[in-house]
Amino acid sequence: MKKTMPLPQRETISDHNSKLERLFEDELKDIYWAEKALVRALPKLLRNVTSDELYKVLEDNLTETEDHVVRLESVFRMLGKEPKTKKCEAMAGLIREADEIMSHTEVGPVRDAGIISAVQKVEHYEMASYGTLRTFASTLGLDRAVRLLQENLDEERAADNRLSELAMSAINFEAAER
Ligand SMILES: [Fe+2]
């Protein structure tokens, strides 16, 4: 039988929802920081890519990331808040790791493979964040926010799938040949 977590004593539904809304807003600030950091980080990755297909995927990813920032700003406004960032240590770490890959590899297929791996880690972090945010928004009855967060989630998932295909094909094969 499915058990639900009991609410602490004397906590009303409206207390519970306002705490959940605060957590939702905190997580929103986190992913907003992360997306803005990615808009700054992706051009460096693009400059380091050799494969034309990978270049195209990352270029599309940059455009989509800019759209994600705009959708998040709309979600803040739906809550009646100004968009604010809170440093996302996880994303900062993932971007640092991408930089490390660049300093440990030479331009070419192996660096491309490393860039794919770094960006897929980013996508998975974002998918986890958007999945949670969408569920919170749905619990809070914020239907328009649910739709925007779902759009971001769908695009992250599609980008991840495109990167998986690339990793499976030429790039990793060529990387293994070196
Ligand atoms: Fe994104």
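Residues numbered from 1 in each chain as written. Predicted model: local features only at pLDDT ≥ 70, side-chain atom pairs only at ≥ 80, totals over all residues. Heavy atoms only, no water.

If you check an unreviewed UniProt entry, the protein chain appears there as Ferritin-like metal-binding protein YciE from Chryseolinea serpens.

Q: Just checking my understanding: could you explain the overall build of the protein chain for this structure?
A: When its secondary structure is counted, the protein chain shows 6 helices and 0 strands. In sequence order, the secondary structure elements of the protein chain are arranged as α-α-α-α-α-α. Taking the principal axes of its C-alpha atoms as reference, the protein chain extends roughly 65 × 40 × 25 Å. When burial is assessed residue by residue, the protein chain has 45% of its 178 residues classed as buried. With an accessible surface of roughly 10,300 Å², the protein chain has 52% of that area assigned to carbon and sulfur atoms. Seen as two clouds, the 26 positive and the 34 negative side-chain charges of the protein chain have centres 8 Å apart. (Helix = DSSP H or I, 4+ residues; strand = E, 2+ residues; numbered from the N terminus. Buried < 20%, exposed > 50% of the residue type's maximum accessible area, 1.4 Å probe, protein only. Areas by Shrake-Rupley, 256 points an atom, 1.4 Å probe, with all protein chains shown as cover. Lys, Arg positive; Asp, Glu negative; His and termini not counted. Charge placed at Lys NZ, Arg CZ, Asp CG, Glu CD.)

Q: How do you make sense of the nonpolar core when you look at a structure like this?
A: General note: in soluble globular proteins, nonpolar side chains tend to be found buried as a group. Counting 32 residues, the largest nonpolar core has Phe24, Leu28, Met91 and Leu149 as the members making the most contacts within it. Taken together, the elements giving at least two residues each to this core come down to helix 1 (13-48), helix 2 (52-78), helix 3 (89-104), helix 4 (109-139) and helix 5 (143-168). Among the nonpolar cores identified, the runner-up in size contains 17 residues, and Leu54, Ile116, Ala118 and Leu166 belong to it. (Core = buried A, V, L, I, M, F, W, Y, C linked by side-chain atoms within 4.5 Å.)

Q: How do you make sense of the packing of aromatic side chains when you look at a structure like this?
A: Remark: the centre distance and the inter-plane angle together describe each pair of aromatic rings, the angle taken between the planes. As enumerated under the stated definition, the model contains 1 aromatic pair in all. On the numbers, 5.4 Å between centres and 65° between planes, the contact of Tyr32 with Phe76 is edge-to-face. Of this pair, Tyr32 sits in helix 1 while Phe76 is found in helix 2, placing the two residues 44 residues apart along the sequence. Phe76 matches Tyr32 in its accessibility class, with the two residues each being buried. (Phe/Tyr/Trp six-rings, centres within 6.5 Å; stacked < 30°, edge-to-face > 60°.)

Q: Is there a simple way to think about the environment of Leu62 in this case?
A: Topologically, Leu62 is positioned in helix 2. Of the residues examined, Leu62 reaches a relative accessible area of 15% and is grouped as buried. Between the alpha carbons of Leu62 and Asp154 there is a distance of 15 Å; along the sequence they are 92 residues apart. Apart from residues lying up to four places away in sequence, Leu62 is in contact with Val39, Leu42, Pro43 and Leu46. (Contact = heavy atoms within 4.5 Å.)

Q: Explanation requested: helix 5 in the structure shown.
A: Along an α-helix, residues three or four apart share an orientation, since each turn contains 3.6 residues. Taking 1.5 Å of rise per residue, the 26 residues of helix 5 would be expected to cover 38 Å, and the 37 Å separating its terminal C-alpha atoms lies within 8% of that figure. Among all positions of helix 5, only Ala145, Val146, Leu148, Leu149, Asn152, Leu153, Glu156, Ala159, Asp160, Leu163, Leu166 and Ala167 are buried. (Expected span 1.5 Å × (residues − 1).)

Q: When you look at the coordination of the iron ion in this model, what are you seeing that I'm missing?
A: Those protein atoms acting as donors to the iron ion are Glu35 (OE), Glu35 (OE), His68 (ND1) and Glu156 (OE), and they sit at 2.0 to 2.5 Å. Geometry at the iron ion is irregular, judged from its 4 donor atoms and the angles of 54 to 142° they form at the metal. When the donor residues of the iron ion are listed from N- to C-terminus, their spacing reads E-x32-H-x87-E. Separated by 121 residues along the polypeptide, Glu35 in helix 1 and Glu156 in helix 5 bring together distant segments of the chain. With respect to burial, Glu35 and Glu156 carry one shared label: buried. (Donors = N, O, S within 2.8 Å, 3.2 Å for Na, K, Ca; no water. Tetrahedral: all angles 85-135°; square planar, octahedral: opposite > 155°, others 65-115°.)

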